[in-house]
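Per-entry structural report
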Amino acid sequence: MGAFSDMPKMEKHNAKGQVNGLRYGLSSMQGWRVKMEDAYTAVIGLPSGLETWSFFAVYDEYAGSQVAKYCCEHLLHHIPNNQDFKGRISKSYKAEYPRSYGKLS
């Protein structure tokens with residue numbers, strides 16, 4: 001289990017946006033943990049015929065940040081390369097795209 005602070009960090013991080021008719025927002029607070037262990041991925045408009053698609057994920061890590069960080073950096077690369085995913089889209093997809101990811105803070 002992660003370490004706890006004497007006092008919670010109550011500062012909040014908020015972000016929002018709108019694209020392709022989609023509105024989104026996120027908010028986070030570190031709380032009692034010594035450091036923020038959660039992470040997120042937000043990719044707006046995927047390339048190769050999937051410009052109207054977006055990918056959002058929150059990775060909640062309870063015992064350290066390694067798994068959350070790995071998923072944040074790699075999960076979206078694995079999804080479009082999965083055979084089941086490839087079989088459901090009509091155009092080929094290459095996992096090369098601009099993305100925003102990081103620790104929720």
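Remember, predicted model here, so these are calculated numbers, not experimental data.

How each quantity is defined
- Within any chain, residue numbers begin from 1 and follow the written order of that chain's sequence.
- Totals for whole chains, interfaces and linings use all residues, but because this is a predicted model, local features are given only for residues with pLDDT of at least 70 and pairs of side-chain atoms are given and counted only at 80 or more.
- Processing note: side-chain calculations cover all non-hydrogen atoms of the structure and skip hydrogens and water entirely.
- Each helix is a run of DSSP H or I of at least 4 residues and each strand a run of E of at least 2, with the numbering of both proceeding from the N terminus.
- Summary of the burial criterion: residues with accessible area below 20% of their type's maximum are buried, those above 50% are exposed, and those between are partly exposed, where the area comes from a 1.4 Å probe applied to protein chains only.
- Between two residues, a contact is recorded if the distance between any of their heavy atoms is within 4.5 Å.
- Here the accessible surface of atoms and residues is derived via Shrake-Rupley with a 1.4 Å probe, and residues count as covered only by protein chains that are part of the display.
- Here a Phe, Tyr or Trp ring, Trp counted by its six-membered ring, pairs with any other such ring whose centre lies within 6.5 Å, and the pair is stacked when the planes are under 30 degrees apart, edge-to-face when over 60, and tilted otherwise.
- What makes a nonpolar core is a set of buried Ala, Val, Leu, Ile, Met, Phe, Trp, Tyr and Cys residues whose side-chain atoms join them at distances within 4.5 Å.
- Only a pair of cysteine sulfur atoms within 2.5 Å qualifies as a disulfide here.

What follows concerns the overall build of the protein. Scanning the protein from terminus to terminus reveals 2 helices and 5 strands. Ordering the α and β elements of the protein from the N terminus gives β-β-β-β-α-α-β. Counting all 105 residues of the protein, 30% fall into the buried class. Looking at the protein alone, contacts between residues at least 24 apart form 55% of all its contacts between residues at least 6 apart. When the accessible surface of the protein is summed, it comes to about 7,300 Å², and 53% of that surface belongs to carbon and sulfur atoms.

Before going further, it helps to spend a moment on the packing of aromatic side chains. Tallying each qualifying case throughout the model produces 1 aromatic pair. For the pair Tyr24 and Phe56, a centre-to-centre distance of 5.2 Å together with 45° between the ring planes defines the contact as tilted. In this pair, Tyr24 is assigned in strand 2 (residues 22–33) and Phe56 in strand 4 (residues 54–59), connecting sequence segments 32 residues apart. Tyr24 sits in the partly exposed class, given a relative accessible area of 28%.

Moving on, we come to the nonpolar core. Burial of nonpolar side chains together is a common tendency in soluble globular proteins. Counting residues in each nonpolar core, the largest one holds 11 residues, listed as Ala39, Val43, Leu46, Leu50, Phe55, Ala57, Tyr59, Ala68, Cys72, Leu76 and Phe85. Apart from residues lying up to four places away in sequence, Phe55 is in contact with Thr41, Ala42, Val43, Leu75, Leu76 and Ile79.

This part takes up the environment of Trp32. Among the structural elements, Trp32 can be located in strand 2. Residues Trp32 and Met7 lie 25 residues apart in sequence; the distance between their C-alpha atoms is 6.4 Å. Once you skip the residues sitting within four places of it in the chain, Trp32 turns out to touch Ala3, Phe4, Ser5, Asp6, Met7 and Pro8.

With that out of the way, let us pick up the state of the cysteines. Counting across every chain of the model gives 0 disulfides. Here Cys71 stays unpaired: no disulfide links it, and the sulfur of Cys72, its closest cysteine neighbor, is 8.7 Å away. Cys71 gets classed as partly exposed once you look at its relative accessible area, which sits at 24%. Cys72 sits in the buried class, given a relative accessible area of 4%.

Quick look at the side chain of Gln30 now. Along the polypeptide, Gln30 turns up in strand 2. Judged by its relative accessible area of 17%, Gln30 is buried. Contacts of Gln30, omitting those with residues within four sequence positions, involve Lys9, Glu11, Lys35 and Met36.

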